[in-house]
Amino acid sequence: MTSSPIAPGSRLASRLGFSDRVFIGPAARRVARAIEDGLELVETGLADDVRVADPLADAASRYLYEAGGKRIRPVLTLLAAQLGDGNTPEVIDVAKALEITHLGSLYHDDVMDGADRRRGVPAAHAVWGNNIAILTGDILFSRASQLMSRLGERAIRLQADTFERLVLGQMHETLGPQEGDDPIEFYIQVLADKTGSLIAAATQGGVIFSNAPSEYEEPVRVYGEKIGVAFQLLDDVIDLSAKPEETGKVPGTDLRAGVPTMPYLLLKAEGDAEAIDLAARIDEGVALIADGADPAILDGPLDALRDHPVTQKTLELAHAWTRDAVDALQLLPRGTVREALTRFAETLAERSS
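Residues numbered from 1 in each chain as written. Predicted model: local features only at pLDDT ≥ 70, side-chain atom pairs only at ≥ 80, totals over all residues. Heavy atoms only, no water.

Caption draft 1: Representation of the overall build of the chain within the structure. Along its length, the chain carries 17 helices and two strands. Over its C-alpha trace the chain gives a radius of gyration of 21 Å, about what one expects of a compact globule, namely 20 Å for 353 residues. In terms of its C-alpha atoms, the chain occupies a principal-axis envelope of roughly 60 × 55 × 45 Å. For the chain, the residues scored as buried account for 51% of the 353 residues in total. Within the chain, contacts between residues separated by at least 24 positions form 70% of all contacts whose residues are at least 6 apart in sequence. In the structure as shown, the chain presents an accessible area of about 16,300 Å², 53% of it carried by carbon and sulfur atoms. (Helix = DSSP H or I, 4+ residues; strand = E, 2+ residues; numbered from the N terminus. Rg over C-alpha atoms; globule rule 2.2 N^0.38 Å. Buried < 20%, exposed > 50% of the residue type's maximum accessible area, 1.4 Å probe, protein only. Contact = heavy atoms within 4.5 Å. Areas by Shrake-Rupley, 256 points an atom, 1.4 Å probe, with all protein chains shown as cover.)

Caption draft 2: Inspection of the environment of Asp 277 at higher detail. Mapping Asp 277 onto the fold places it in helix α14 (residues 273–290). Judged by its relative accessible area of 46%, Asp 277 is partly exposed. Sequence spacing of Asp 277 and Pro 301 is 24 residues, and the spatial spacing of their C-alpha atoms is 9.9 Å.

Caption draft 3: Molecular detail of the packing of helix α2 (residues 26–49) against helix α4 (residues 72–81). α4 packs onto α2 with a crossing angle of 135° between their chain directions and a minimal axis gap of 9 Å. Classified by the angle their axes make, α2 and α4 are oblique. Of the two elements, α2 crosses α4, and the hand of that crossing is right-handed. Residues Val 31, Ile 35, Gly 38, Leu 39 and Val 42 of α2 form the contact with α4, whose participating residues are Pro 74, Val 75, Leu 78 and Leu 79. Classifying every residue of the contact of α2 with α4 gives eight nonpolar, one polar and no charged. (Axes fitted to C-alpha atoms, helices over the stretch in contact; angles between N-to-C directions. Parallel < 35°, antiparallel > 145°, perpendicular 65-115°, else oblique. Left-handed = near helix turned anticlockwise from the far one by under 90°. Nonpolar A, V, L, I, M, F, W, Y, C, P; charged D, E, K, R; others polar.)

Caption draft 4: Representation of unusual backbone geometry within the structure. The phi dihedral of Arg 71 is positive, around 60°, even though this residue is not glycine. Tracing the chain through its elements places Arg 71 in the loop between α3 (55–66) and α4.

Caption draft 5: How the structure looks around the environment of Leu 265. Along the polypeptide, Leu 265 turns up in helix α13 (residues 262–270). Classification of Leu 265 by relative accessible area gives buried; the value is 12%. Taking the C-alpha atoms as reference, Leu 265 lies 13 Å from Leu 317; in sequence the two are 52 residues apart. Residues in contact with Leu 265, not counting those within four places in the same chain, are Pro 183, Ile 184, Tyr 187 and Pro 260.

Caption draft 6: Structural context of the packing of aromatic side chains. Enumeration according to the criterion identifies two aromatic pairs in this entry. Ring plane angle 85° and centroid distance 5.1 Å describe the contact between Tyr 63 and Trp 128, whose orientation is recorded as edge-to-face. With Tyr 63 in helix α3 and Trp 128 in helix α6 (residues 124–128), the pair connects residues that are 65 residues apart, well separated along the chain. Relative to Phe 163, the ring of Phe 141 has its centre 4.5 Å away and its plane inclined at 55°; by these criteria the two rings are tilted. (Phe/Tyr/Trp six-rings, centres within 6.5 Å; stacked < 30°, edge-to-face > 60°.)

In structure tokens form, the structure reads like this:
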């Protein structure tokens, strides 16, 4: 007995992380099929667009692409495009360009953060060194710019503005808040720049280059940015998870590397004796790790942080950003696109509940 093929709605729902009830009915299945067809075009195009004539550059530029990825940004571009003319050639180019921009940013981020692994494989800088990893990211950014340049000034501006925010987000994260900055507001802006801006560009690009009504552009842009912030706040909670076999990360990876996260920032803002003592223990452990100590010295303090109310507050803050993202969609017409974007946001919020 042969197995039945998986319906496009089921495949797409699985990629977005929710059940396929959103894609029930002929019209909804047509939307799902259109996005699946568009993803095939994006995937085929990406395989060609990341290739480089130089053998070393080619191997490095294809490295993280071939390691996989959920392609969430192209999915959101294609989903938003169904508000207009669907999978136009311009939409496919935008989806590819923004995914390549995302790929390029991963090479740079892993160097900046000293990450050991990415997508289940050693980080590119662990294979070729920092210089090659950074230059590979630059190559990918140039490829994304080439794709966008085909589409005219509007696309070039979207790419350039997004890239500027990505760089500023990484720069501000590296420098940290300056005198007079509120650390929590500063951190939220870093998340909006580093993650939210690219997701916002993906949804916005889908509307613009599918010739959808212009009044849909701002709602999906706001949605994308807020979802990006919510995603990173949830990641801060997951970073403290005691189940690395589920998350794929050692608990507290970011904090052990000296990268502040929202639970830590909220802890610093608490001001009571218990919070001050725990923050001091974390700071001391981070300093010792930087001097070569075993990262396991932070196991106890990070367990305490995970169980502290500030971690629950981080989760509640992420849910608030998710609700705001969904609220932004109220200006979109009712239908499969709005429902799928809403369900994606709700599923995102549920993953740490």
